[in-house]
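# An overview of the molecular structure
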Amino acid sequence: MTGSKRHISMAWVALAILSLAILSFRLQLNFNLGVFFPDSNTLNHQILLEQLRNGPGSRLLVIGLSGVEHDRLAGFSDQLKQKLATGQIFVNVLNGDFEIESSGIPEPVNSYYLLLEDIDFSKASLHKAIESRQRDLAFGGGDLLLKLIAKDPFLQTLSILQRLAPANTAEGIWFSGNGSAVLMAETKAVASDLGAQALAIETIRNAFSDINKPDGVEIEITGVGAFGVELQEIIRAEAKKRTMLASAVLMLILLLIYRKPRLLLIVSLPLAMGFLVGLALITLVFGSVHGITLAFGFTLMGIAIDYPLHLFSHSRKNAPADAIKAIWPTLRIGALSTAIAYVALSLSGSQGLAQLGLFTATGVIVAALVTRTWLPQLITGPACGKAQGLLASISPKLVFLPALACVVLSVLAIQYLGEGKIWDDQLSSLSPVPKQRLLTDNTLRSAAATADMRYQLVLHATSLETLLRQNEALDTLLQEAVNDGFLGGWQSASQLLPSQHLQKRRQATIPGSEQLATRLNEALQGSAFREDAFVPFLQNADSVKHFASLTPEFIANTELASWLESHLIFVAGQWVSLISLSQPQPEKLAVRIKTWDIDVDLIDLQQSSQALVSNYRVGALKTILFASLAIIMLLLIDQRQVQRIAWIAVTVVSALSVTVATVVSLHDGLTIIHLVALLLVIGLGLDYALFLSRQETSDGQMATRHAVLACAATTTATFGILAMSSIPVLKFLGLTVAIGSISSFLLAWAGSSLYKQRISPDAN
Amino acid sequence: MLCILILISANAQGFDVHEVLTNTAVTPPDRVSFREERHNPMFKQPIVLTGHIDYIKKGRLRKVIETPFSESYLITDTFIEISREGTSQRLSLSKSKPMRTMLSGIEAVLAGDTDKLSSQFQLELTGTEHDWFLRLKPKSNRLAKHLTSMLVRGNETNIISIRIDLKPGEWSLMEFQGAAPSS
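Residues numbered from 1 in each chain as written. Chains lettered and ligands numbered in written order. Predicted model: local features only at pLDDT ≥ 70, side-chain atom pairs only at ≥ 80, totals over all residues. Heavy atoms only, no water.

### As for the packing of aromatic side chains
In plain terms, the rule: For this analysis, a ring pair means two rings from Phe, Tyr or Trp (six-membered ring only for Trp) whose centres lie within 6.5 Å, classed as stacked if their planes differ by under 30 degrees, edge-to-face if by over 60, and tilted for the remaining angles. Helical segments are the DSSP runs of H or I of at least four residues, strand segments are the runs of E of at least two, and each set is numbered from the N terminus. Residue exposure (1.4 Å probe, protein chains only): buried if accessible area is under 20% of the type maximum, exposed if over 50%, otherwise partly exposed. Two thresholds decide whether a charge sits over a ring: the Lys NZ or Arg CZ must be within 6 Å of the ring centre and within 35 degrees of the ring normal.
Inspection of every chain in the model, using the stated rule, returns 11 aromatic pairs over all chains. Here Tyr688 of chain A and Phe745 of chain A contribute two aromatic rings whose centre-to-centre distance is 6.5 Å and whose plane-to-plane angle is 90°, an arrangement assigned as edge-to-face. You can see Tyr688 of chain A sitting in helix α28 (residues 672–692) and its partner Phe745 of chain A sitting in helix α30 (residues 728–753), a full 57 residues away along the chain. Here the two residues Tyr688 of chain A and Phe745 of chain A agree in accessibility, since each one is buried. Put simply, the rings of Tyr112, Phe547 and Phe554 of chain A pair up and form one aromatic cluster. Note that Lys213 of chain A overlies the ring of Phe208 of chain A, its terminal NZ or CZ placed 4.2 Å from the centroid. Looking at Arg163 of chain B, its charged tip hangs above the ring of Trp171 of chain B, at a distance of 3.9 Å from the centre.

### Quick look at the packing of helix α14 (residues 320–346) of chain A against α28 of chain A
All names here are of chain A. Convention followed: Only the stretch in contact is used when fitting a helix axis, every axis being a line fitted to C-alpha atoms; angles between N-to-C directions are given from 0 to 180 degrees. Here the angle decides the label: under 35 degrees means roughly parallel, over 145 means roughly antiparallel, 65 to 115 means roughly perpendicular, and every other value means oblique. Crossing handedness is defined as follows: a turn of the near helix away from the far one that is anticlockwise and smaller than a right angle gives a left-handed crossing, while the clockwise case is right-handed. By definition in these notes, contact holds between two residues if any of their heavy atoms fall within 4.5 Å. All amino acids are sorted into three groups, where Ala, Val, Leu, Ile, Met, Phe, Trp, Tyr, Cys and Pro are nonpolar, Asp, Glu, Lys and Arg are charged, and the leftover types, Gly among them, are polar.
Here α14 crosses α28 at 165°, and the two axes come no closer than 9 Å. Comparing their axes, α28 and α14 come out roughly antiparallel. Where α14 crosses over α28, the handedness of that crossing is right-handed. Contact residues: α14 offers Ile327, Thr330, Leu331, Ile333, Gly334, Ser337, Thr338, Ala341, Tyr342 and Leu345, while α28 offers Val676, Leu679, Leu680, Gly683, Leu686, Leu690 and Phe691. Partitioned by chemical class, the residues of the contact of α14 with α28 number 12 nonpolar, five polar and no charged.

### As for helix α2 (residues 17–24) of chain B
Threshold: Here the arc refers to the directions that run from the helix axis out to each C-beta atom.
All buried positions along α2 of chain B are accounted for by Val17, Val20, Leu21 and Thr24 of chain B. Looking straight down α2 of chain B, one finds that the buried residues subtend no more than 95° of arc, so they occupy a single side.

### Here's the deal with the pairing of strand β7 (residues 121–127) of chain B
On a regular strand, each side chain points to the face opposite its neighbour's, so the side chains alternate between the two faces of the sheet. Residue and element names in this part refer to chain B. Test applied: Strand pairing follows a simple DSSP-based rule, namely that at least 2 bridges must link the two strands.
Note that β7 and strand β8 (residues 132–138) share seven bridges and pair antiparallel. In the strand pairing of β8, Leu123 is matched with Leu136. In sequence, β7 turns back onto β8 through a hairpin of four residues.

### Some points on the confidence of the model for chain B
Note: predicted coordinates in regions of low pLDDT should not be interpreted at a detailed level. Residue and element names in this part refer to chain B. Defined as follows: Each residue carries a pLDDT value, the predictor's own confidence for that position, ranging from 0 to 100.
Of the residues in chain B, 84% have a pLDDT of 70 or more, and the chain-wide mean is 81. No element of chain B has a lower mean pLDDT than helix α1 (residues 2–11), at 38, and none a higher one than β8, at 93. Counting contacts from residues 1–12, a segment whose pLDDT is below 50, to residues more than four positions away or on other chains yields five contacts. Here the prediction assigns the complex a pTM of 0.61, and the interface score ipTM is 0.80.

### Topic: the packing of helix α11 (residues 261–286) of chain A against helix α12 (residues 291–300) of chain A
All names here are of chain A. Across the interface, α11 lies against α12 with an axial gap of 11 Å and an inter-helix angle of 145°. Taken as a pair, α11 and α12 cross one another with a handedness that is right-handed. On α12, the residues that touch Leu271, Phe275, Leu279 and Ile282 of α11 are Thr293, Leu294 and Phe298. Of the residues in the contact of α11 with α12, the class split is six nonpolar, one polar and no charged.

### A look at the pattern of salt bridges
For clarity, the threshold we go by: Salt bridges are defined as contacts in which a side-chain nitrogen from Lys or Arg sits within 4 Å of a carboxyl oxygen from Asp or Glu.
Here the structure, examined in full by the defined rule, presents 19 salt bridges over all chains. Put simply, Asp136 of chain A and Arg84 of chain B hold a salt bridge, and the shortest N to O gap is 3.1 Å. Here Asp136 of chain A, found in helix α6 (residues 123–139), pairs with Arg84 of chain B, found in strand β5 (residues 79–84), and the two come from separate chains. With relative accessibility at 16%, the residue Arg84 of chain B sits in the buried group. Arg469 of chain A is paired through a salt bridge with Glu465 of chain A; the nearest N and O atoms lie 3.1 Å apart. Residue Arg469 of chain A and its partner Glu465 of chain A are located together in helix α19 (residues 464–483), separated by four residues, close to a single helical turn. Given a relative accessible area of 43%, Arg469 of chain A falls into the partly exposed group. One salt-bridge network, in which partners are shared between bridges, spans Arg133, Arg135 and Asp136 of chain A together with Glu71 and Arg84 of chain B.

### Structural notes on the side chain of Gln491 of chain A
Residue and element names in this part refer to chain A. Applicable threshold: Two N or O atoms form a polar contact when they lie within 3.5 Å of each other; inside protein one atom must be a possible hydrogen donor and the other a possible acceptor, and for residues adjacent in sequence the pair counts only when both atoms belong to side chains.
Its location among the elements puts Gln491 in strand β10 (residues 489–491). Judged by relative accessible area, Gln491 falls into the buried class, the value being 10%. Only 3.2 Å separates the side chain of Gln491 from the backbone oxygen of Leu164, close enough to count as a polar contact.

### Thoughts on the environment of Gln120 of chain B
Residue and element names in this part refer to chain B. Structurally, Gln120 is set in helix α4 (residues 114–120). Judged by relative accessible area, which is 26%, Gln120 ranks as partly exposed. Setting aside anything within four residues of it in sequence, one finds Gln120 in contact with Thr101, Ser104, Lys137, Pro138 and Lys139.

Here it is as structure tokens:
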């Protein structure tokens, strides 16, 4: 090894060590899927994304018990609820059976209930309440009911709690349509905290196994957190299995093609360096790296495996140093073009994709440079190259017909098979959760009559006080809508956090302690209650009258903090009240809302999510279109061969058309995942078309065809293995790239091999 | 203590729970009047209720309070319907396990359903067949936190009274009219 070669090797090793050092000290992985949601400028879209991340229901683990008859399931449901309610992991565990015996009264309702409702403290009202409580106790009480009545003779506490419950607790234990007893366990941790969610699920399973029950009783757990945990486990196992299988197939193909085991080690070097340097760079730029960036990024960087294969094929009859010189212009322009496409991805609107784009673009460039500068030193090729310059150089006769024909056929196929619908804008289609699990979750949730997942009312204002006052006015109108049958019920922030104005007004209506005691004594006349039976009520009223007003900061430290967080958020400089609805009649409600003198929006989350994804996709396509133009300009400047560039462009477009037509006919439509995969197809198409349209000697052409065949075989095989995955995201990615790889190869091959054209005797 | 147990055991010899409850069983439809005292720590004096119980059919009772106020409870296996001042409110019995267990226990006593009683309570029969006491203690620990015990008193042909002890210090005694204890 000469001095300069040694320096190059040392430089790469040093870069690898530096990257490793950066990763050791700075790399932080996160698994918050939210970073992959598109950034959005509209308030409604920001609200939608906030809802997906932290909205009502996102912290609920839904538990279904099945396998024995109804009554026995009700008993097991109750036992499981009791076991889970005692732990520290859940805010609340409900099974439809609302009873204060087990749940207690959470703060701030326990202390502030007198400020959460309008209460009539007149003697007549007190007398009526006392009479009702006497009748209640004539039927039977219990310790907790006695304590509750002593503190709250109006029993407002119970009606407040029932109103705040995340699901209907008025009809007894929940049973789903398929006969399962249903429980809802609200975790303290957010859904994206997968460690805490895994612990919560383990706690539920342990509690379930502790219940004395017959064989055949089964448990099913769904919910955002449960899906996150399952996915983490499944993706890890699936990725490991598929990676090992794909690596084995890749090695086997390379061994068959090159018959040199040493090359198997060398082939991974550009990819490994690209991975290390790319990862170190995004660690420095973004601080933390998403798990999906790693998984998808490594996949997209798969194009880099082609670079050493081109070098190997061209080194079979040439010295590696000569071979790389011969192919470098093509390899360089291919790598640059691919990097431009990936950079476009990073500009398309979410932090996750920005990471992915920068990571893969860096990786591809680094892999190309490693192939150019380091790999030739590591390959043991022929001692010296043949005098290539003496041989005639041949330029393939490039034909456009196959590619153009495929474009037309693909468009027709999309029209016929996909009914002209290319895009699938359902946000749920991006979900890696199997549809069957989503269906089960839906069935179980419907038993609990949780808030409607599609329609929501939204109020917003720059000041919290203004917002809450508007909300209170809206509550009155919503009650009218309930009375008129347009709505089953609603939950809004003002039910737990009244405006300061209303709290002060309610405080003012609480009589002074002496006056209240006098009224109470008068009301107690003729009742069976002792005179001191309601001392806790008098004490509480006196305290509440002088309490500082209830604030979001106070509630943040109470058991109902998560309830308020899911109904009151602060986004884009605005306070937003999210009013969840149950059993809304959206059309009638929309008409009614227009008559109200309050600026409230009825949001259709489904429509909003489709618009969000659609905007996202349009933005991504525009960026990719600009990137494509930039790639064509780059090719024209670099190659200055208009016909060849036109052929390359048509071939890549054709391969994309065929891929899109095939994928659309197999899936319901293209999602963002497919779009990411199509970027890799562009990279592959460019690589194959650039190399197969090269002007070179017949030996060189043989080597190029050998290399492109090797590239296409390895890419198609490895992504084909990914396409067999049970995880929708991996399946989409694998299938799209495998189809794209094979169609790119066949179109480039067919369009360049029909004719050959002799150019000059010494072209290099 | 052992002596007491032996004494109780000896006293109860010659008759068993199944036998006494079969003898006192009421076949629906039937009606029985009651006087009930309810004591709890919030009351300065017990509330005294009078009224009647209609045993409509198996699994369905109606408790009608006539004094000191008018109110009725239709009790089924799954719900209670409370009629108060011209309005009715139906409550699911799954909301309160102690209530459900107590009510089903009372119905089982009236119906002479020993199997149902023994599935939910530990049964302890004392006294003589002319004046016996059947103490029902909940088997479920959770239920025992709320319901200490139920004590049924009877003679050869009738249930005389049912005393229900709740925690803490709340109890009621329901005496059935026209069923004087034989002494």
